[in-house]
Amino acid sequence: MALVPKKTKFRKHQRGRLRGQAAGGATLSFGEFGLQSTECGYLTTNQVEAARKSLAHYFKRGGKIWLRVFADKIFSARAAETRMGGGKGAPAKFVAPVKRGHVIFEVAGVTPEEAAAALRLAGHKLPLATRMVSKL
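In this convention, every chain numbers its residues from 1, walking through the sequence in written order. Given that this is a predicted model, residues contribute local features only at a pLDDT of at least 70 and side-chain atom pairs are listed and counted only at 80 or more, while totals for whole chains, interfaces and linings are drawn from all residues. Note that the side-chain values use all heavy atoms of the structure and ignore hydrogens as well as water.

S.K.: A description of the sheet that holds strand S4 (residues 73-77) should follow, citing residues and the corresponding values.
M.R.: Spatial ordering of the open sheet is given by S2-S5-S4, a layout of 3 strands whose pairing is antiparallel. If you trace the sheet from one side to the other, it starts and ends with strand S2 (41-44) and S4, each paired once. Mean inter-strand twist for the sheet, computed between neighbouring axes without regard to direction, equals 50 degrees. The rule for pairing is simple: two strands pair if DSSP sees at least two bridges between them. Think of it this way: any DSSP run of H or I at least four residues long counts as a helix, any run of E at least two long counts as a strand, and we number them from the N terminus. Of the pairings in the sheet, the one linking S4 to strand S5 (residues 90-98) comprises 5 bridges and is antiparallel in character. Counted as the bridge partner of Lys 73 is Val 95 from S5. Sitting on the sheet, helix H1 (residues 45-59) is in contact with S2 and S5, with an inclination near 70 degrees to S2. Helix axes are fitted only over the stretch in contact, all axes being lines through C-alpha atoms; the angle between N-to-C directions runs from 0 to 180 degrees. Contacts between residues were defined by any pair of non-hydrogen atoms, one from each residue, lying within 4.5 Å.

Quick look at the structure:
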């Protein structure tokens, strides 16, 4: 199940620029441990789902997982080997813009060692450098 918006205001988005620190979502709100981004980038729905599945698989139905990002930005793409011109490409995928310091996942109900191992595995599924943060 891909986490995509039901409807969007515009069919295509402008790219914009992704840099700087996260203004919101940089602290733990729900769980005891979290996976925090240490660089800026875009997360696709498939990358987020792969990381979430690796967390769930590691915890074996124990613990609680919160997802703190949502892919609501449209990425458009042109078909491969097409000539220049002809306008902007068709919408291809949804991405979640993530700034430095944003918490991507939060977990609770597990030991610190389990959380560290699971979040390390989940971090390997993402194209960004991440680190584990904790409330403890």
